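# Commentary on secondary and tertiary structure
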Amino acid sequence: MAAAEPKPPAGADAARRLAGGCWSALWDYETPKVIVVKNRRLGVVYRAVQLLILLYFVWYVFIVQKSYQDSETGPESSVITKVKGITYSEHKVWDVEEYVKPPEGGSVFSIITRIEVTASQTLGNCPESVRVSNATCDLDEDCVSGQLDMLGNGLRTGRCVPYYQGSAKTCEVSGWCPVEDGASVSQFLGKMAPNFTILIKNSIHYPKFQFSKGNIEHRKDGYLKHCTFDEVSDLYCPIFKLGFIVEQAGENFTELAHTGGVIGVVINWDCDLDLPASKCNPKYSFRRLDPKHIPASSGYNFRFAKYYKTNNSTTRTLIKAYGIRIDVIVHGQAGKFSLIPTIINLATALTSIGVGSFLCDWILLTFMNKNKVYSHKKFDKVCTPRHSPGSWPVTLALVLGQAPPPAPPCPADPSQACQALAVPPPPKQMVDTPEQTTGPQLCASEPPWQDSTLADPRGLAQL
């Protein structure tokens, strides 16, 4: 007796069926089905979503953002500055050549408002500053000869000497003497500084649109010699008083002059090139850029020295300068009508209106789908009838609904006249039941559709 053949494992059989189902579903075609649902609340939600999407694209995308334009950001820019004015301190009168650093007139420059001067420094030996760590001492043994502190003022000699004033002692160093903390004198230059005038000459160019413009009006009457900036009356007179800039930045001038700080002058060129060039105007804004609320790094200062010869020996004056640094920052954006972004945004707007249909379908099938009434109406599976090979025109006609399906076989008794196979008419209360049509039929494997009138007598009647 032959042995029974082993049966394939159940897992392999299930995997084979799953693969067959996926392969069959790969060749399915899905097409939308239009169903009119007579529900006022759902219709209000649908139209409200469409209206919101339409308002978003019309008002924000096209009017505010001007998405119908081709744009360019970051114009090519040049800045030239010039400061004028004189001031005085306790010891001398200061002119622009002395208090403006650097003097080239670029987009970043400093106006000195206070200085600490250490005069007549020469190369020699002197006490180290008490501000340097490990500089204080009691004996020579506390100072290491040849030690160099990166934050100090020179090379230590190994001796412990009295400080410049008081009873303290510090290690002696070899360098520029006296050191800064030992003999510096403070001078304030800010008495007349608020009246300093600053000319900021700026020109920009957008290469994509070949558009150029400057912030000075084209006039030949020498009006720059007697005007100052005013946003309303003198927009194209870019001469600013230093006190006006500090005030617009929201700072106190006296405090800023003592501690120093960084003020940004921002020039913004936002130009709609669909309008005349006269509508493209600069907009100025002022704000402080350095962190003034952090004690460890607040303020702004720098050092420089002036060297000279005295009795064939080099002498210098060390100056620690506090001042107001001005940073001129230029940015902007230009836009002009272009067909390509207009078409792209119009297509996006029309596509986004379909979000209303998606939302209402979700509400309909999730919250209003009583007894699966709407699901039965919305989802159908249609199979193409099988025909003999070579009858593809008939099959295509059936798929397109252009030919009636083949008649079912009739019984031999002519008295019955095929009435037993006739399809009964739909109930009257099913308002949106599809009519009997020719073409593809429901798949034989699908269960017959349940009469919605019996399941939900009032469901479809209220659509």
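The coordinates are above.
Throughout what follows, the structure given in this document is the object of discussion. For clarity, every value in this text was computed on a predicted model and none was experimentally measured. (Residues numbered from 1 in each chain as written. Predicted model: local features only at pLDDT ≥ 70, side-chain atom pairs only at ≥ 80, totals over all residues. Heavy atoms only, no water.)

### Comments concerning the overall build of the protein
Quick reminder of the rule: The helix count covers DSSP runs of H or I at least four residues long, the strand count covers runs of E at least two residues long, and both are numbered beginning at the N terminus. Partly exposed residues are those whose accessible area sits between 20% and 50% of the maximum for their type, while under 20% is buried and over 50% is exposed, using a 1.4 Å probe and protein chains only. Only the protein chains shown count as cover for residues, and all accessible areas are computed by the Shrake-Rupley method using a 1.4 Å probe.
Helix and strand content of the protein: 11 helices and 18 strands. Here the protein holds 463 residues, and the buried ones make up 34% of them. In the form shown here, the protein has an accessible surface area of approximately 30200 Å², with 58% of it arising from carbon and sulfur atoms.

### Notes on the layout of surface pockets
Operational definition: Both cavities and pockets are sets of points on a 1 Å grid over the protein atoms alone; in a cavity a 1.4 Å probe fits but cannot get out, in a pocket the set is open with protein on both sides within 12 Å along at least five of seven lines, and lining residues sit with an atom within 4 Å of a point. Grid points are joined across faces, edges and corners, and a volume is the space filled by probe spheres set on the points. Here the term charged refers only to Asp, Glu, Lys and Arg, the term nonpolar to Ala, Val, Leu, Ile, Met, Phe, Trp, Tyr, Cys and Pro, and the term polar to all other amino acids, Gly among them.
Its boundaries defined by the atoms lining it, the second largest pocket holds a volume of some 480 Å³. Counting only elements with at least two residues in the lining of the second largest pocket, the list comes to helix H2 (40-64), helix H8 (355-367) and helix H9 (373-378). When the residues that make up the lining of the second largest pocket are grouped by side-chain class, the tally is 9 nonpolar, 3 polar and 5 charged.

### Describing the packing of aromatic side chains
Worth spelling out the cut-off: Each Phe, Tyr or Trp ring, with Trp reduced to its six-membered ring, pairs with another whose centre is within 6.5 Å; inter-plane angles below 30 degrees give stacked pairs, above 60 give edge-to-face pairs, and intermediate values give tilted ones. Comment: the charge-over-ring label is applied if NZ (Lys) or CZ (Arg) is within 6 Å of the ring centre and within 35 degrees of the ring normal.
What the rule picks out here adds up to 17 aromatic pairs. For the pair tryptophan 59 and tyrosine 60, a centre-to-centre distance of 6.3 Å together with 40° between the ring planes defines the contact as tilted. Tryptophan 59 sits in the exposed class, given a relative accessible area of 54%. The class for tyrosine 60 is partly exposed, based on a relative accessible area of 32%. Ring centres of phenylalanine 244 and phenylalanine 286 lie 5.9 Å apart, and the angle between their planes is 80°; on these two criteria the pair is classed as edge-to-face. Within this pair, whereas phenylalanine 244 is found in helix H5 (residues 242-248), its partner phenylalanine 286 is found in strand S14 (residues 283-288), the two being separated by 42 residues in sequence. For phenylalanine 244, a relative accessible area of 28% puts it in the partly exposed group. Taken together, the ring pairs connect Phe229, Phe240, Phe244, Tyr284 and Phe286 into an aromatic cluster. Over the face of the ring belonging to phenylalanine 304 we find lysine 101, whose NZ or CZ atom lies 5.0 Å from the ring centre.

### Brief notes about a positive patch on the surface
Cut-off, in case you're wondering: Exposure above 30% relative accessible area and the lack of any salt bridge qualify a residue for a patch; like charges then connect within 9 Å, and the nonpolar side chains Val, Leu, Ile, Met, Phe, Trp and Tyr within 5 Å. Every case where a carboxyl oxygen of Asp or Glu lies within 4 Å of a side-chain nitrogen of Lys or Arg is listed as a salt bridge. Note on charges: Lys and Arg go in the positive column, Asp and Glu in the negative column, and His and the chain ends are not counted at all. Lys charges are placed at NZ, Arg charges at CZ, Asp charges at CG and Glu charges at CD.
A contiguous patch of positive charge, built from Lys82, Lys84, Lys201 and Lys225, is present on the exposed surface. Its relative accessible area of 53% is what places lysine 84 among the exposed residues.

### Re a nonpolar patch on the surface
A surface patch of nonpolar side chains, about 690 Å² in accessible area, is lined by Leu54, Tyr56, Val58, Trp59, Tyr60, Ile63 and Val64. Residue valine 64 is classed as partly exposed on the basis of its relative accessible area, which comes to 41%.

### Side note on the environment of serine 77
The line we're drawing: In protein, a polar contact means a hydrogen-donor-capable atom and an acceptor-capable atom, both N or O and within 3.5 Å, with residues adjacent in sequence counting only if both atoms are side-chain atoms; elsewhere, any N or O pair within 3.5 Å suffices.
Residue placement: serine 77 occurs in strand S2 (residues 76-84). Each C-alpha atom, one on serine 77 and one on isoleucine 204, is 4.4 Å from the other, the two residues being 127 residues apart in sequence. At 2.9 Å, the side chain of serine 77 and the side chain of asparagine 202 are in polar contact.

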